[in-house]
4 protein chains.
Amino acid sequence: MGNIFGKIFTVTTFGESHGKAVGCVIDGCPPMIELSEADIQVDLNRRRPGQSEISTQRNESDTCKILSGVYEGKTLGTPICILVENKDQHSFDYDEIATLWRPSHADFTYDAKFGIRDPRGGGRSSARETIGRVAAGAVAKKMLKGIKITAWVESLNLISMPAPTTTPTHDEIEQTSVRCPHKPTAEKMIEFIKKARSEGDSVGGVIRCRIEGLPAGLGNPVFDRFEAELAKAMLSLPATKGFEIGSGFAGTRMLGSRHNDIFVLDENGNLTTKTNNAGGVLGGITSSRPVDFRVAFKPTATIAKEQPTVSKKLEPTTVIGKGRHDPCVLPRAVSLVEAMSALVVADFTMRQRTIKEV
Amino acid sequence: MGNIFGKIFTVTTFGESHGKAVGCVIDGCPPMIELSEADIQVDLNRRRPGQSEISTQRNESDTCKILSGVYEGKTLGTPICILVENKDQHSFDYDEIATLWRPSHADFTYDAKFGIRDPRGGGRSSARETIGRVAAGAVAKKMLKGIKITAWVESLNLISMPAPTTTPTHDEIEQTSVRCPHKPTAEKMIEFIKKARSEGDSVGGVIRCRIEGLPAGLGNPVFDRFEAELAKAMLSLPATKGFEIGSGFAGTRMLGSRHNDIFVLDENGNLTTKTNNAGGVLGGITSSRPVDFRVAFKPTATIAKEQPTVSKKLEPTTVIGKGRHDPCVLPRAVSLVEAMSALVVADFTMRQRTIKEV
Amino acid sequence: MGNIFGKIFTVTTFGESHGKAVGCVIDGCPPMIELSEADIQVDLNRRRPGQSEISTQRNESDTCKILSGVYEGKTLGTPICILVENKDQHSFDYDEIATLWRPSHADFTYDAKFGIRDPRGGGRSSARETIGRVAAGAVAKKMLKGIKITAWVESLNLISMPAPTTTPTHDEIEQTSVRCPHKPTAEKMIEFIKKARSEGDSVGGVIRCRIEGLPAGLGNPVFDRFEAELAKAMLSLPATKGFEIGSGFAGTRMLGSRHNDIFVLDENGNLTTKTNNAGGVLGGITSSRPVDFRVAFKPTATIAKEQPTVSKKLEPTTVIGKGRHDPCVLPRAVSLVEAMSALVVADFTMRQRTIKEV
Amino acid sequence: MGNIFGKIFTVTTFGESHGKAVGCVIDGCPPMIELSEADIQVDLNRRRPGQSEISTQRNESDTCKILSGVYEGKTLGTPICILVENKDQHSFDYDEIATLWRPSHADFTYDAKFGIRDPRGGGRSSARETIGRVAAGAVAKKMLKGIKITAWVESLNLISMPAPTTTPTHDEIEQTSVRCPHKPTAEKMIEFIKKARSEGDSVGGVIRCRIEGLPAGLGNPVFDRFEAELAKAMLSLPATKGFEIGSGFAGTRMLGSRHNDIFVLDENGNLTTKTNNAGGVLGGITSSRPVDFRVAFKPTATIAKEQPTVSKKLEPTTVIGKGRHDPCVLPRAVSLVEAMSALVVADFTMRQRTIKEV
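Residues numbered from 1 in each chain as written. Chains lettered and ligands numbered in written order. Predicted model: local features only at pLDDT ≥ 70, side-chain atom pairs only at ≥ 80, totals over all residues. Heavy atoms only, no water.

**Student:** How should I be thinking about the overall build of chain A in this particular structure?
**Tutor:** Within chain A, the secondary structure is distributed over nine helices and 19 strands. In terms of principal-axis extent, the alpha carbons of chain A reach across some 65 × 50 × 35 Å. Of all 358 residues assigned to chain A, the portion counted as buried reaches 69%. Here chain A has roughly 11300 Å² of accessible surface; of this, 51% comes from carbon and sulfur atoms. Distance from the positive charge centre (46 side chains) to the negative charge centre (42 side chains) of chain A: 2 Å. (Helix = DSSP H or I, 4+ residues; strand = E, 2+ residues; numbered from the N terminus. Buried < 20%, exposed > 50% of the residue type's maximum accessible area, 1.4 Å probe, protein only. Areas by Shrake-Rupley, 256 points an atom, 1.4 Å probe, with all protein chains shown as cover. Lys, Arg positive; Asp, Glu negative; His and termini not counted. Charge placed at Lys NZ, Arg CZ, Asp CG, Glu CD.)

This is the structure we're talking about:
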């Protein structure tokens, strides 16, 4: 039913926005990895609502508990269940939603698919589902030594940061609430979000991510290419509408002679390429160059403006977003992009081990 | 190892470019579907090399044989093995490739991953692998009654066709060798490809695809969203660098109030939306609006220009594309995009049946 | 890592014996099924320790909570997480176990596999893991209308009940603590267990199970035969050593002319067979005759007698079972056999729907 | 649809008895393993019909071709397709079968499941399907260095060989056509089969198998226990009705104090056990002791005696086995038991590699 991700390092998430709890079960995490609730909490805090003036005011502490799979601070190789209880629920906000379909939300399609939905806070289609992903991603990162995953907000609406010459640092990204590492651009973005919110509107944008330190050889040719699983991982995130790797759509406007990445030896005699239009993958397999990709996020569907819509009885009506919501999901989605990247890398790392001689 | 696609309607492809054969096995095709080799050959012919002046001169008839799973013209519900023998192989063209890594090809990464590769014609990384996909896609289409999948070349390098007001017809697409339904644009594209080829260069572009006639309710929330599996399917195709659905990357530059697709009733009282920025999916589930997406293809890596590269002994050398190859993969890739779309739809159609009451 | 069961109706169990909790997540349960915690508790109570004089004195109420996937008493089609907290844990009983390997327990093999284990109460290898299975089985039963699954203790050590002419009723089975429906035999069994326990020993036996009301057509030929998945399901239960269906091992001593089940029409003109040596399956597919199978359970490995063994430092030592344990697992295992049967049937039921025309 | 076996080392078989071909595709075989058609042919020849006076007279050479995945005598890590064409087909033998359901065959259940079947030679339910399994098993064996898999016929009807003190050698097993290594017993078995055949009857029996040389640590606790996957593998073979490991059903009649396998150190100071009632597995994980199991095969359903049955129009009729068939499948099934064992071991070997540090 689509709630399990990965072939070896598998993650199942569960939970509705206003149910008792959300969380995940990881099956396939190797044993003997040091893991504590604090390791997970760090990432959950970056995802958490109510962090700043530009995010939703829903205030959940999102404190996680590890229920299984860890003993004396180390993973056992058995399933790791991580739970976050739902606390700050205002179900009364959502009564109306049960009777109509909000524009660009999943209300209608859940009804069409299942014949039933939990209307409180979007139920399973709420972004609270991603708590389980972030928790699992934090576990994946613990097993991925020497691999650095860095995501940041590259553009919001028409505001874009200049192309960075190196991967931004974590501190540069975290210095502003919008998680764009170029401060002048970040300030414009924050102003833009505030203005949109004051007008009851919402904002989309692009998150860029780089995965560094990967060995050559990850990813499986044909259907399970590294970039194919990455694309699936990203398009499985709420509000995403596009994915591109390396030169992406811009690369379609280059000639082959310019697009090809020429192999050369670096100063240490190691193989590298002059350019990285490939974005770190060739034939679906990592080349050891940084994996470099972008994800497009649409503007939040919930807006504080009245919009026409249709009720479940197929009668015209109107709706206005009353719940607490983010005018722009991107700052919080940075942690989601990183988490899903970590899950993809962890799974491919374990899959690659299978073909090494014992 | 990544050669199986789908959860219920599963396809395994096999075969190297210059091995004895390529093909596929479909496990999960329902019984009682009319199927003949001719049904499959139609699509294989659209994928086939040597079709026109702008594609590779490798001349394979690519005649398929159904080895199993069909009896008296109907599927049995048992595995369907479809085989295409390799015939027009010029292995002598490829001897040099065994000793070096071509730029932007998978030679290096196959070596890194497997420690071995078949250098003849690219081996498993050759586009001949996609024969199995097209054959399986043809079978999937036979079970998908009332669903129309239409792909076409929307742009090549900087040449773009005007936005169509309706989905192009199959005849409009097939009228030119470049498979762009807007004839004046198609002519420019053909000229551009010819010019690039004469200069030993190659060309990239964008394929657009629309899936019409889907019921609401396909696709599984969370990890196996309709658009997530579609993105994976597309990024699993050789030479792809990006995917976007609905408003895609352009949608990130819109405000929510404009991006939201307002639900309305059409003249027959059926639910529809004013716009389709969503591209036919909400919360990972089809809404019954057309699924509308784009796929970015990079320029062909093989070019007839000398390029510097590095040998397997890490010594600098040069390489020039001598094999027969396409200066632009997009015209032939139209059938691949359609085939992978059909596989995604077939699989989700069968998955959705599981939750209907018997 | 082996903690997920099923292809469509999938169950993941998690939890160690003395960790915070045990439970399961079900992904793939259809929507709109009525489900409450009470539905699940009934089966958990049959599995629960401390029920009677012949089971372990560990006293857990094993009260379950549904954390997700149910809204207003109906399943949503989203993952159902069911949790049981661990309460009556005597960890001090188990300190010694960390340093040695108990005979016929999984201590040694967990160490060999994972390099780490939770020694408290057997950790993940404890029978407490089966709580998640029973909970999931209870959910599966709710979706299986008209299907009756009945398991009972057929033999204990050398004590066997006479062959029943009809399937025993639930009341007949539950009337004695040993869950053998033939009361005189049950009394002998109880005496035998008590005697074994008083001598610090343990007892094995055979559970028989019948699944009635199945339609013809469930089960997938070749690898996923109905009986193959059933055998896997049963051999995945702790302490099991054998599985047979229909005539089983005894059938190997019959000639074909006697073993074949002759098709006839019953008084209503419906197809049936004179005998059921097949045990309800032909070619891996259910025939609509009762599925009839047996499962062999070894005597409990934990005994209250001193046994020689070897420490983790490879030094000879001795061990004596001090924890609370069952002298015979079969009475409680009846609910496990039923639960695993329900999971197999639920999964095949949903798989079969995929090949029906929508 | 159940034609794929394994999680990492996956095998898909395809083909009907009287279709164009049967075969398999292996996805997940590691690269760099030496493999030739001759390696596979050896095992196919042991499975082949027409080998001896006690098997079917259908005379197929069953010559295999490797179509993909091997280059210069070594596996590539890409899918290996192995094909065997069907040649000696007497379809006219089978016309009648299309209109009725043979006792204890899969005709009825295939009709019930699929609504269609290929009646020629049993179609997909024919034992010819197992050619793909034996071919895949031969490949698995090539990657399993140091592991010995030995199966033999232990009993036929009431004729049992004495318990061997050591594992029989391959030569001892192959010295008689019945593949029982105890020659006096073998001779009785051959006589018994001949007599049964002369009377138009058929014979069942038990195959025993030992897997030696396994490291400790294979198999995944909970659902994918080593013995659970083995049981599934064996019960997926045609004509099987039971599986037991180690002490099996006989072990249920022992007390725990006698059943427990006491850990001791052998003369070299290595850990072993005094007895092996466990059959080489503890908690679902291999202990490094030999895996020792039995499989029950029913007497062949096809017999040369007239039997009453029912037509597809639900009218009483009779049927007599006219096709060429084995009066006893066990001698040929020895190779099937070994092949499926090899697939289980190969898959678990690769799965175990995932949790080792790279």
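**Student:** What is the right way to read the pattern of salt bridges from this model?
**Tutor:** Any two side chains of opposite charge can pair, so long as their charged atoms come close to each other. Overall, the coordinates contain 124 salt bridges over all chains when judged by the stated rule. A salt bridge links B:Arg210 to B:Glu212; the nearest nitrogen and oxygen atoms lie 3.9 Å apart. Taken individually, B:Arg210 and B:Glu212 each receive the classification buried, so the pair is uniform in this respect. Taking the shortest distance from any N to any O, the salt bridge between C:Asp107 and C:Arg117 comes out at 3.6 Å. One end of the pair, C:Asp107, is in helix H2 (residues 107–114); the other, C:Arg117, is in the loop between H2 and helix H3 (130–143), and ten residues separate them in sequence. Here C:Asp107 matches C:Arg117 in class, with each residue buried. (Salt bridge = Lys/Arg side-chain N within 4 Å of Asp/Glu carboxyl O.)

**Student:** Which parts of the structure should I look at to understand the interface of chain A and chain B?
**Tutor:** It is common to give the size of an interface as the accessible area that goes away when the parts come together. Every contact between the two is made by 102 residues of chain A and, on the other side, 102 residues of chain B. For the chain A and chain B pair, buried surface summed over both sides reaches about 8000 Å², with 65% attributable to carbon and sulfur atoms. Summed over the shared surface of chain A and chain B, the number is four salt bridges. Ionic pairing is found between A:Lys232 and B:Glu229, a salt bridge with its closest N-O pair at 3.0 Å. (Contact = heavy atoms within 4.5 Å. Buried area = accessible area lost by both parts, 1.4 Å probe.)

**Student:** What is the right way to read the sheet that holds strand E3 (residues 21–27) of chain B from this model?
**Tutor:** Backbone-to-backbone hydrogen bonds join strands into a sheet, with any given pair of strands oriented parallel or antiparallel. All names here are of chain B. An order of E1-E2-E3-E7-E4 is seen for the five strands of this open sheet, with the pairing classed as antiparallel. The open sheet has two edge strands, strand E1 (4–5) and strand E4 (64–66), and neither has a second partner. Packed onto the sheet, helix H1 (residues 37–47) meets E4 and strand E7 (80–85) and runs at close to 150° relative to E4. (Pairing = 2+ DSSP bridges. Axes fitted to C-alpha atoms, helices over the stretch in contact; angles between N-to-C directions.)

**Student:** Is there a simple way to explain the packing of helix H6 (residues 226–235) of chain C against helix H6 (residues 226–235) of chain D in this structure?
**Tutor:** A pair of packed helices can be characterised by two numbers: the angle between their axes and the separation between those axes. Across the interface, H6(C) lies against H6(D) with an axial gap of 7 Å and an inter-helix angle of 160°. With respect to H6(D), the axis of H6(C) lies roughly antiparallel. H6(C) and H6(D) meet at a crossing whose hand is right-handed. Contact residues: H6(C) offers C:Glu227, C:Ala228, C:Glu229, C:Ala231, C:Lys232 and C:Leu235, while H6(D) offers D:Glu227, D:Ala228, D:Glu229, D:Ala231, D:Lys232 and D:Leu235. Its residues assigned to classes, the contact of H6(C) with H6(D) comprises six nonpolar, no polar and six charged. (Parallel < 35°, antiparallel > 145°, perpendicular 65-115°, else oblique. Left-handed = near helix turned anticlockwise from the far one by under 90°. Nonpolar A, V, L, I, M, F, W, Y, C, P; charged D, E, K, R; others polar.)

**Student:** What should I look at first to understand the state of the cysteines in this one?
**Tutor:** In a disulfide, the sulfur atoms of two cysteines are held together by a covalent bond. Applying the stated criterion to the full structure yields zero disulfides over all chains. B:Cys64 takes part in no disulfide bond, and the closest cysteine sulfur, belonging to B:Cys24, lies 9.2 Å away. D:Cys180 forms no disulfide, and the closest cysteine sulfur to it belongs to D:Cys328, at a distance of 11 Å. Classification of D:Cys180 by relative accessible area gives buried; the value is 0%. (Disulfide = S-S within 2.5 Å.)

**Student:** Explanation requested: the interface of chain B and chain C in the structure shown.
**Tutor:** Tallying the contact residues gives ten residues for chain B and ten residues for chain C. Counting the surface lost from both chain B and chain C, the interface buries some 1100 Å², and carbon and sulfur atoms represent 63% of this. Connecting chain B to chain C are zero salt bridges. On inspection of chain B and its partner chain C, the count reaches two residue pairs in polar contact (both at pLDDT 80 or more). When the residues that make up the side of chain B that touches chain C are grouped by side-chain class, the tally is six nonpolar, one polar and three charged. (Polar contact = N/O pair within 3.5 Å; in protein donor to acceptor, adjacent residues only side chain to side chain.)

**Student:** Would you explain the relation of the copies chain A and chain B in this entry?
**Tutor:** One copy of the chain maps onto the other through a rotation about an axis followed by a shift along the same axis. Between chain A and chain B, the superposition needs a rotation of 180° and an axial shift of 0.0 Å, giving an RMSD of 0.0 Å. What the rotation and shift describe, once combined, is the action of a two-fold rotation axis. (Least-squares fit on C-alpha atoms with pLDDT ≥ 70 in both.)

**Student:** Is there a simple way to think about unusual backbone geometry in this case?
**Tutor:** Positioned with a positive phi, A:Ala239 is a non-glycine residue whose angle comes to about 75°. By the element assignment, A:Ala239 lies in the loop between helix H6 (226–235) and strand E12 (240–245). Residues other than glycine seldom take positive phi values, yet B:Asn157 does so here, at roughly 50°. Locating B:Asn157 in the fold gives a position in the loop between strand E9 (148–156) and strand E10 (159–160). A residue is classified by how much of its surface remains accessible, and B:Asn157, at 8% relative accessible area, is buried.

**Student:** In this structure, what is going on with H1(B)? I would like to understand it.
**Tutor:** Note: α-helices contain 3.6 residues per turn, so residues at a spacing of three or four share the same orientation. Among all positions in H1(B), only B:Ile40, B:Gln41, B:Asp43, B:Leu44, B:Arg46 and B:Arg47 are buried. Looking at the buried residues of H1(B), the elements they touch are E4, E7, helix H3 (130–143), helix H4 (170–174) and helix H9 (330–353) of chain B.

**Student:** Would you take a moment to explain the pairing of strand E9 (residues 148–156) of chain A for this structure?
**Tutor:** As a general feature of sheets, a regular strand has side chains that alternate between the two faces. Residues and elements named next belong to chain A. With respect to burial, E9 is a largely interior element, eight of its nine residues being buried. By the bridge criterion, eight bridges tie E9 to strand E11 (residues 205–212) in an arrangement that is antiparallel. Across the sheet, the residue bridging to Ile149 is Ile211, located in E11. Of the pairings in the sheet, the one linking E9 to strand E10 (residues 159–160) comprises two bridges and is antiparallel in character. Looking at the pairing, Ser155 lines up with Ser160 of E10. The antiparallel pairing of E9 with E10 creates a hairpin that spans two residues between the two strands, and Asn157 there sits at a positive phi of about 50°.

**Student:** When you look at the relation of the copies chain B and chain C in this model, what are you seeing that I'm missing?
**Tutor:** With an RMSD of 0.0 Å, the operation that places chain B on chain C is a rotation of 180° combined with a shift of 0.0 Å along the axis. By residue overlap, the copies meet face to face through one surface: 100% of the interface positions of chain B are interface positions in chain C.

**Student:** Explain helix H9 (residues 330–353) of chain C to me, please; I cannot follow it from the model alone.
**Tutor:** Here H9(C) contains 24 residues, and its C-alpha end-to-end distance of 34 Å stays within 8% of the 34 Å for a straight helix at 1.5 Å per residue. Within H9(C), 24 of the 24 residues are buried, which leaves the element mostly enclosed by the surrounding structure. (Expected span 1.5 Å × (residues − 1).)

**Student:** Hey, could you run me through the side chain of C:Arg117 in this one?
**Tutor:** Relative accessible area serves as the criterion here: at 10%, C:Arg117 is assigned to the buried category. A distance of 3.3 Å separates a polar atom in the side chain of C:Arg117 from the backbone oxygen of C:Asp107.

**Student:** Where do I start with the layout of surface pockets in this structure?
**Tutor:** The probe, sized like a water molecule, is rolled over the atoms to show the empty space still left. In this structure, the largest pocket spans a volume of roughly 720 Å³. Around the largest pocket, the lining is made up of 33 residues, and of these B:Glu244, B:Ser247, B:Phe249, B:Ala250 and B:Gly251 lie nearest the centre. The set of elements that each furnish at least two residues to the lining of the largest pocket consists of E9 and helix H7 (248–251) of chain A together with strand E11 (205–212), helix H7 (248–251) and strand E17 (291–297) of chain B. Per-element tally for the lining of the largest pocket: the top contributor is H7(B), with three residues. Tallied by class, the residues present in the lining of the largest pocket amount to ten nonpolar, twelve polar and eleven charged. By volume, the second largest pocket is sized at about 530 Å³. (1 Å grid on protein atoms, 1.4 Å probe; cavity = no way out; pocket = protein on both sides within 12 Å on 5 of 7 lines; lining within 4 Å. Points joined across faces, edges and corners; volume = space filled by probe spheres on them.)

**Student:** Would you mind showing me how to read the environment of A:Thr275 here?
**Tutor:** All names here are of chain A. One can find Thr275 in the loop between strand E14 (271–273) and strand E15 (281–282). It is 8.0 Å that separates the C-alpha atoms of Thr275 and Asn260, two residues lying 15 residues apart in sequence. Among the polar contacts listed, one links the side chain of Thr275 to the side chain of Asp261, at a separation of 2.5 Å.

**Student:** Teacher, can you tell me more about the sheet that holds strand E18 (residues 307–311) of chain A here?
**Tutor:** Residues and elements named next belong to chain A. Taken together, the three strands give an open sheet; going across it, the order is E8-E18-E19, and neighbouring strands pair in antiparallel fashion. The sheet is open, and its two borders are formed by strand E8 (100–101) and strand E19 (316–319), each paired with just one other strand. Examined bridge by bridge, E18 and E19 share four bridges and lie antiparallel to one another. By the bridge assignment, Val310 is partnered in E19 with Pro316.

**Student:** Before we go on, may I ask you to explain the side chain of B:Arg208 in this structure?
**Tutor:** Residues and elements named next belong to chain B. Among the structural elements, Arg208 can be located in strand E11. A distance of 3.3 Å separates a polar atom in the side chain of Arg208 from a polar atom in the side chain of Glu154. For Arg208, the side chain forms a polar contact with the side chain of Asp292, separated by 2.8 Å. When near neighbours in sequence (up to four residues on either side) are disregarded, Arg208 contacts Thr150, Ala151, Trp152, Glu154, Pro164, Asp292, Phe293 and Arg294.

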